[in-house]
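Structural description and commentary
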Amino acid sequence: MSQFVVSARKYRPKTFDEVVGQSHVASTLKNALQKDQLAHAYLFTGPHGVGKTTCARLLAKVLNCQNITEGQNPCNTCSSCEAFSNSASFNIIELDAASNNSVEHMRSLIEQVRFQPQEGKYKIFIIDEVHMLSTSAFNAFLKTLEEPPSYAIFILATTEKHKIIPTILSRCQIYDFKRIQNNDIIEQLSNIAEKENLKYEPEALNIIAEKADGAMRDALSIFDRIVSSSNGTIEYKSVLENLNILDYEYYFKMIDSAIQEDLASVILHFHEVLNNGFEPAIFLKGMLEHLRKLLLAKNEKTLSLLTVGPELKERYVNQAMLTSSSFVLTSLNLINNAEIALQRASNKIITSEIALSKMTFFNRIEDLSKKKRTALN
Ligand SMILES: [Zn+2]
């Protein structure tokens, strides 16, 4: 099979209309362009992989385009657009503050602010992960931001808006990028699959979208990984295998069954997992993570630590409400001990089944120990 071109690069949006899941940002930017209401500084904030840098580059491109389209998109054919597309433009300077955050890095950027654009109207400076700049770099930048030359436009991007000092915030037009909805990710992936003549099972794209957790960039890199090891068909089963992940559905189902003391279902779900080629160790690890999420979902304060999409979060909250804290804590303990014991166990399946049985009959064990304590008193 021929080398698959990394779709993140190949399908990077060339117009604002192609940007997935950020139509509110795209339309506001297009409006501003149409009315010629340009700011000197923009701040693009939002989670990683949702299109901040892509939009920054698009804005940079359209600002210098010689034939902006009616829809306020770059023409993608003029000499300026071509230079941008080939990363050969002198009018765009990018700094990744995650790895270049010192005052020296900032000084060399500021140095370039002094020179007028060679061709086109604007010189655009994109600073990615701007919150990672050192304090001295921030201060050096602030002076430039206070009195920028007319041709300079700064586009700052960050995943952590709260770390940006108010003096910078007050000078920027702020755009909040959203996590991309699963449906939008699925639609984009299916479009790419069709263009690449790839077949797919809808559930396969669904699981990629869920695992990408709102980040298109992550979805595309998982997609590429799966495609490069497939024979032209993206199958749900191979996605799970490829990512070596267990569908969280198993865990939701298993906890539901355990709450109802339905041991038969718990054991059958466990064997379904084994039949799908997963080792007991991977299963127990996933169960620990699931229980931990339930524990976090039990309290509003810890809920913020749950890094899953809103729909999935709601499912954890709902299941957490059905369980008692002592059930979750005891189960965590049981599964944790089983995972440790697994390394020395002669039969890993039995060790896992014992832990699952104890978890399922948690209430009875609890009652039994209460009776024992009463008897002793
Ligand atoms: Zn152009």
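No experiment lies behind these values; they were computed from the predicted model shown. (Residues numbered from 1 in each chain as written. Predicted model: local features only at pLDDT ≥ 70, side-chain atom pairs only at ≥ 80, totals over all residues. Heavy atoms only, no water.)

1. A short note on the pattern of salt bridges
Under the criterion given, the structure shown has 11 salt bridges. Here glutamate 261 and arginine 364 are joined by a salt bridge, their closest N and O atoms 3.0 Å apart. Of the two residues, glutamate 261 is situated in the loop between α12 (248-259) and α13 (263-275) and arginine 364 in helix α19 (residues 362-376); the sequence distance between them amounts to 103 residues. Ionic pairing is found between glutamate 289 and lysine 285, a salt bridge with its closest N-O pair at 4.0 Å. (Salt bridge = Lys/Arg side-chain N within 4 Å of Asp/Glu carboxyl O. Helix = DSSP H or I, 4+ residues; strand = E, 2+ residues; numbered from the N terminus.)

2. Examining unusual backbone geometry
A positive phi angle, near 50°, is found at serine 87, a position not held by glycine. Residue placement: serine 87 occurs in the loop between α4 (79-85) and β2 (92-96). By relative accessible area, serine 87 is classed as exposed at 69%. One non-glycine residue, asparagine 197, lies in the positive phi region at around 60°. Along the chain, asparagine 197 turns up in the loop between α8 (182-195) and β6 (199-200). (Buried < 20%, exposed > 50% of the residue type's maximum accessible area, 1.4 Å probe, protein only.)

3. Observations concerning helix α18 (residues 348-360)
Taking 1.5 Å per residue, 13 residues should reach 18 Å; α18 reaches 18 Å between its end C-alpha atoms and fits that length. Every buried residue of α18 is listed here: Thr351, Ser352, Ala355, Leu356, Met359 and Thr360. Elements in contact with the buried residues of α18: α12, α13, α14 (280-297), α17 (325-342) and α19. (Expected span 1.5 Å × (residues − 1). Contact = heavy atoms within 4.5 Å.)

4. Quick notes on the pairing of strand β1 (residues 41-45)
Here β1 lies mainly inside the structure; five of its five residues are buried. On β1, burial covers both faces: Ala41, Leu43 and Thr45 on one face and Tyr42 and Phe44 on the other are all buried. Judged from the four bridges that link them, β1 and strand β5 (residues 173-176) form a sheet pairing that is parallel. Across the sheet, threonine 45 pairs through a bridge with aspartate 176, a residue of β5. (Pairing = 2+ DSSP bridges.)

5. Looking at the coordination of the zinc ion
Protein-derived ligands of the zinc ion are Cys65 (SG), Cys75 (SG), Cys78 (SG) and Cys81 (SG), with the metal-ligand distances lying across 2.3 Å. Bound by four donor atoms, the zinc ion shows angles of 100 to 120° at the metal and therefore tetrahedral coordination geometry. The sequence pattern describing where the donors of the zinc ion fall on their chain is C-x9-C-x2-C-x2-C. The two residues cysteine 78 and cysteine 81 agree in class, both being buried. (Donors = N, O, S within 2.8 Å, 3.2 Å for Na, K, Ca; no water. Tetrahedral: all angles 85-135°; square planar, octahedral: opposite > 155°, others 65-115°.)

6. Quick word on the pairing of strand β3 (residues 123-128)
Summarising burial for β3: six of the six residues are buried, a large majority. Going residue by residue along β3, you find Lys123, Phe125 and Ile127 tucked away on one face and Ile124, Ile126 and Asp128 tucked away on the opposite face as well. Sheet topology places β2 next to β3; five bridges connect them, and they run parallel. Looking at β3, one finds that isoleucine 92 is bridged to isoleucine 124. Assessed by its sense of winding, the connection that carries the chain from β2 through helix α5 (residues 103-113) to β3 is right-handed. With five bridges joining them, β3 and strand β4 (residues 152-158) adopt parallel strand pairing. Along β4, the bridge assignment pairs lysine 123 with alanine 152. (Right-handed = clockwise from strand over helix to strand, strands pointing away.)

7. Side note on the domain arrangement of the chain
One widely used convention gives an interface's size as the accessible area the parts lose upon coming together. Taken domain by domain, the chain holds domain 1 (22-176), domain 2 (182-242) and domain 3 (248-372). A C-alpha centroid distance of 29 Å is found between domain 2 and domain 3. (Domains from an automatic or database assignment.)

8. What about α13?
Here α13 contains 13 residues, and its C-alpha end-to-end distance of 18 Å stays within 8% of the 18 Å for a straight helix at 1.5 Å per residue. Considered for burial, the residues of α13 that qualify are Val266, Ile267, His269, Phe270, Val273 and Leu274. One side of α13 holds all its buried residues, which, seen down the axis, span an arc of 160°. Summarising the geometry of α13, the exposed residues directed more than 90 degrees from the buried face are Leu268 and Asn275. At its buried positions, α13 is contacted by α12, α14 and α18. Phi for glycine 277, located one or two positions after α13, is positive at around 90°. (Arc of directions from axis to C-beta.)

9. Concerning the environment of asparagine 275
If you trace the backbone, asparagine 275 turns up in helix α13. Judged by its relative accessible area of 66%, asparagine 275 is exposed. In this structure the C-alpha to C-alpha distance between asparagine 275 and aspartate 262, which are 13 residues apart in sequence, comes to 20 Å.

10. Observations regarding the packing of aromatic side chains
Applying the stated criterion across every chain, the model contains 11 aromatic pairs. Residues tyrosine 42 and phenylalanine 44 carry aromatic rings whose centres are separated by 6.5 Å and whose planes lie at 65° to one another, so their mutual orientation is edge-to-face. Phenylalanine 44 matches tyrosine 42 in its accessibility class, with the two residues each being buried. With a centroid separation of 5.3 Å and an interplanar angle of 25°, the aromatic rings of phenylalanine 125 and phenylalanine 154 are classed as stacked. One end of the pair, phenylalanine 125, is in strand β3; the other, phenylalanine 154, is in strand β4, and 29 residues separate them in sequence. Here phenylalanine 125 and phenylalanine 154 have matching classes, each one buried. One aromatic cluster is present, built from ring pairs that chain together Tyr42, Phe44, Tyr175 and Phe177. One residue, arginine 114, lies across the ring of phenylalanine 115, its end atom 5.5 Å from the ring centre. Just above the ring of phenylalanine 252 sits the side chain of arginine 315; from NZ or CZ to the centre is 4.2 Å. (Phe/Tyr/Trp six-rings, centres within 6.5 Å; stacked < 30°, edge-to-face > 60°. Lys NZ or Arg CZ within 6 Å of the ring centre and 35° of its normal.)

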